[in-house]
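In case you want the letters, here they are:
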Amino acid sequence: MVLRVSVDKPRRFLAFLAVAAGLAGGLPTPATAHELLVFPRAEVLHTDARAGEPESNEWKVGASVFYTSDWRQLRALVELSLVYTHAPDDIEREKEFERAQLGWQFDPNNTVWVGRYHTPIGYWNTAHHHGAHLQTSISRPRIHEFEDEGGILPVHFFGLLLSGIQSSRDGALSYDVGAASGPTLTDGALEPVKVLAPQRFGKASFVGRLAWRPDVGAESEFGGFGAHSRIPVADVPADEIGQTIGGGYVNLDLSPWRLVGEAFWVRNAFRSTGQASSFVAGLVEVEFRASSSWVLFARHEAIGARWRDAYLDRFPDFPKARTVAGVRYDITHHQAVTFEVANHKRRDDVRYLQTALQWSTALP
């Protein structure tokens, strides 16, 4: 797992992220290490009117509490998300353990984990967690959206994950292999296994990823991944979706530029009807650090699918294409303000615009 932060963050912050990366990805870590970070944020989102729906404003205040511990060969990683959302027709208070993992380090380069973890599909899902301050943009790519936010892929598994890395003069090869319980499809949304709430386990799911870094000390990375999940459909008890995912990604750090590209192929097969369909999806994000405080960014996301897709039809708000642009200003090493504009095009060709403003920080 890679947690990314700007190069101008404090040394203590970088040291924590190095420990966290070691805990999640099998990198060497000190004999004993404990760290707690809190990532508060506040944001407002304006959505233009679309397809008979009026324009709306949504306010959100939240914090991600991130804790890691390393004692001899025993590892622990916990992430708690607290969010208060005020929407035009609803007020929601959410508290959920997004990740809760216990690990055992066989040697300095290989660790086995058990618990709820972020699935290593693509780059973004493990490079950025729920701490908004660590990512440049306000929004996540929709292909990596969290399940409770309308995501269409399993971004959380509950089970086993083996992670490791092998380094040499030529670079570093890292791997992740997981076998776990996947999500269920309930009321038009994927529902992963929860940590404390009454648990609803899914069926057996598997995931794997290989990544190559030409320079161990740099952030440029190339990778490929694959996953297979059996997803029960709650509203049709006898039904089940066999979902297969494959793809690759690249993260190029060309300071002051950064380029991230990801490509997905997804196949969904319904057991009850025998129907199967596939779609492809991709994204490209470009960032430019204009100075120590200002970062400009833009991202384009697109999906290629049939007009009628039995799986995607269950997620009517998922966009066919989305273009995001914005600017981030680092007020201090620990605080930032970000403005973002996103142009959406749904699969039914409905278009609408969203604008967002966010303040984020990292404590201590």
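Scroll up for the structure.
Below: a short report on this structure. Keep in mind the model is a prediction, meaning the values are calculated, not measured. Once a new chain begins, its residue numbering starts again from 1 and follows that chain's sequence as written. Totals for whole chains, interfaces and linings use every residue, but because this is a predicted model, local features are given only for residues with pLDDT of at least 70 and side-chain atom pairs only at 80 or more, for both listing and counting. Values reported for side chains reflect all heavy atoms of the structure, with hydrogen atoms and water molecules removed beforehand.

1. Let's talk about the overall build of the protein
- Each helix is a run of DSSP H or I of at least 4 residues and each strand a run of E of at least 2, with the numbering of both proceeding from the N terminus. Looking only at helices and strands, the protein features two helices and 18 strands.
- Only C-alpha atoms enter the radius of gyration; for comparison, a globular chain is expected to reach 2.2 Å times N to the power 0.38, where N is the number of residues. A compact globule built from 364 residues should have a C-alpha radius of gyration of about 21 Å, and the protein, at 20 Å, falls within 12% of that.
- When its C-alpha atoms are laid out on the principal axes, the protein stretches across 55 × 45 × 40 Å.
- Looking at the protein residue by residue over its 364 residues, the buried ones come to 51%.
- Calculation of accessible area relied on Shrake-Rupley with a 1.4 Å probe; when residues are assessed, cover is drawn exclusively from the protein chains displayed. Split by element, the accessible area of the protein, about 15900 Å² in all, is 62% carbon and sulfur.
- Positive residues here are Lys and Arg, negative ones are Asp and Glu, while His and the chain termini are left out of the count. We put the charge of a Lys on NZ, of an Arg on CZ, of an Asp on CG and of a Glu on CD. Taking the average location of the 37 positive side-chain charges in the protein and that of its 42 negative ones, the two points are 3 Å from each other. The buried label applies to any residue whose accessible area, calculated with a 1.4 Å probe on protein chains only, is under 20% of its type's maximum; exposed applies above 50%, and partly exposed to all values in between.

2. Comments concerning empty space enclosed by the protein
- Lining residues are defined by having an atom within 4 Å of a point belonging to a cavity or pocket. Those points lie on a 1 Å grid over the protein atoms alone, cavities being sets where a 1.4 Å probe fits but cannot get out and pockets being open sets with protein on both sides within 12 Å along at least five of seven lines. Grid points are joined across faces, edges and corners, and a volume is the space filled by probe spheres set on the points. Scanning the entire structure with this criterion turns up two cavities of 30 Å³ or more.
- In this structure, the largest cavity occupies an estimated 80 Å³ of space.
- Together, 13 residues line the largest cavity, and Ile143, Gly282, Glu301, Ala302 and Phe318 are the ones closest to its centre.
- Going through the elements one at a time, strand 14 (276–289), strand 15 (294–304) and strand 16 (319–330) are the ones with two or more residues in the lining of the largest cavity.
- With four residues, the single largest contributor to the lining of the largest cavity is strand 16.

3. Overview of unusual backbone geometry
- Look at the link from serine 255 to proline 256: it is a cis peptide, with omega at 10°.
- Within the secondary structure, proline 256 is located in the loop between strand 12 (240–254) and strand 13 (257–270).
- The step from leucine 363 to proline 364 runs through a cis peptide bond, and the omega angle for that step is 0°.
- Note that proline 364 resides in the segment after strand 18 (351–361).
- One non-glycine residue, aspartate 187, lies in positive phi territory at about 50°.
- As for its position among the elements, aspartate 187 is in the loop between strand 8 (184–186) and strand 9 (189–191).

4. Description of the environment of arginine 209
- Note on placement: arginine 209 falls in strand 10 (residues 204–213).
- Distance from arginine 209 to serine 174, taken between C-alpha atoms, is 8.2 Å for residues 35 residues apart in sequence.
- Engagement of the side chain of arginine 209 in a polar contact is seen with the backbone oxygen of glycine 122, the distance being 2.8 Å. Pairs of N or O atoms within 3.5 Å make up the polar contacts considered here, provided that, within protein, one atom can donate a hydrogen while the other can accept it, and that residues adjacent in sequence are counted only when both atoms are side-chain atoms.

5. Focus on a negative patch on the surface
- There is a patch of like negative charges on the surface, built from Asp89, Asp90, Glu92, Asp148 and Glu149.
- Within the fold, aspartate 90 resides in strand 4 (residues 90–107).
- Looking at aspartate 90, the relative accessible area reads 41%, which means it is partly exposed. Patches here: salt-bridge-free residues with over 30% relative accessible area, like charges joined within 9 Å, nonpolar side chains (Val, Leu, Ile, Met, Phe, Trp, Tyr) joined within 5 Å. The working definition used for a salt bridge is a side-chain nitrogen of Lys or Arg within 4 Å of a carboxyl oxygen of Asp or Glu.

6. A short note on the side chain of arginine 116
- Within the element layout of this structure, arginine 116 appears in strand 5 (residues 110–118).
- Judged by relative accessible area, which is 1%, arginine 116 ranks as buried.
- In this structure the side chain of arginine 116 is engaged in a polar contact, spanning 3.2 Å, whose partner is the side chain of glutamate 96.
- At 3.4 Å, the side chain of arginine 116 and the backbone oxygen of phenylalanine 97 are in polar contact.

7. A few points about the pattern of salt bridges
- Summed over all chains, the structure comprises 25 salt bridges.
- For lysine 60, the salt bridge goes to glutamate 58, with nearest N and O atoms at 3.9 Å.
- Judged by relative accessible area, lysine 60 falls into the buried class, the value being 12%.
- Look at glutamate 58 and you get partly exposed, because its relative accessible area is 25%.
- Where aspartate 313 meets arginine 347, a salt bridge forms, and the shortest distance between an N and an O atom there is 3.2 Å. With aspartate 313 in the loop between strand 15 and strand 16 and arginine 347 in the loop between strand 17 (335–346) and strand 18, this residue pair connects regions lying 34 residues apart in the sequence.
- Shared partners join several salt bridges into a network, and the residues in it are Glu96, Glu98, Arg116 and Lys194.

8. Describing the packing of aromatic side chains
- Here a Phe, Tyr or Trp ring, Trp counted by its six-membered ring, pairs with any other such ring whose centre lies within 6.5 Å, and the pair is stacked when the planes are under 30 degrees apart, edge-to-face when over 60, and tilted otherwise. All told, the structure shown has seven aromatic pairs when counted by the stated rule.
- Of note, arginine 140 hangs over the ring of phenylalanine 146, and the distance from its end group to the ring centre comes to 3.9 Å.
- Counted as over-ring charges are cases with an Arg CZ or a Lys NZ within 6 Å of the ring centre that also lie within 35 degrees of the ring normal. The side chain of arginine 299 reaches across the aromatic face of tryptophan 124, ending 5.5 Å from its centre.

9. Observations regarding the nonpolar core
- Put simply, a nonpolar core is a bunch of buried Ala, Val, Leu, Ile, Met, Phe, Trp, Tyr and Cys residues held in one set by side-chain atoms that sit within 4.5 Å of each other. Counting residues in each nonpolar core, the largest one holds 40 residues, and the members touching the most others are Ile143, Ile152, Leu153, Phe264 and Tyr311.
- Of all elements in the fold, only strand 1 (32–47), strand 5, strand 6 (156–168), strand 10, strand 11 (221–232), strand 12, strand 13 and strand 14 reach the threshold of two or more residues within this core.
- At four residues, the largest contribution of residues to this core is made by strand 13.

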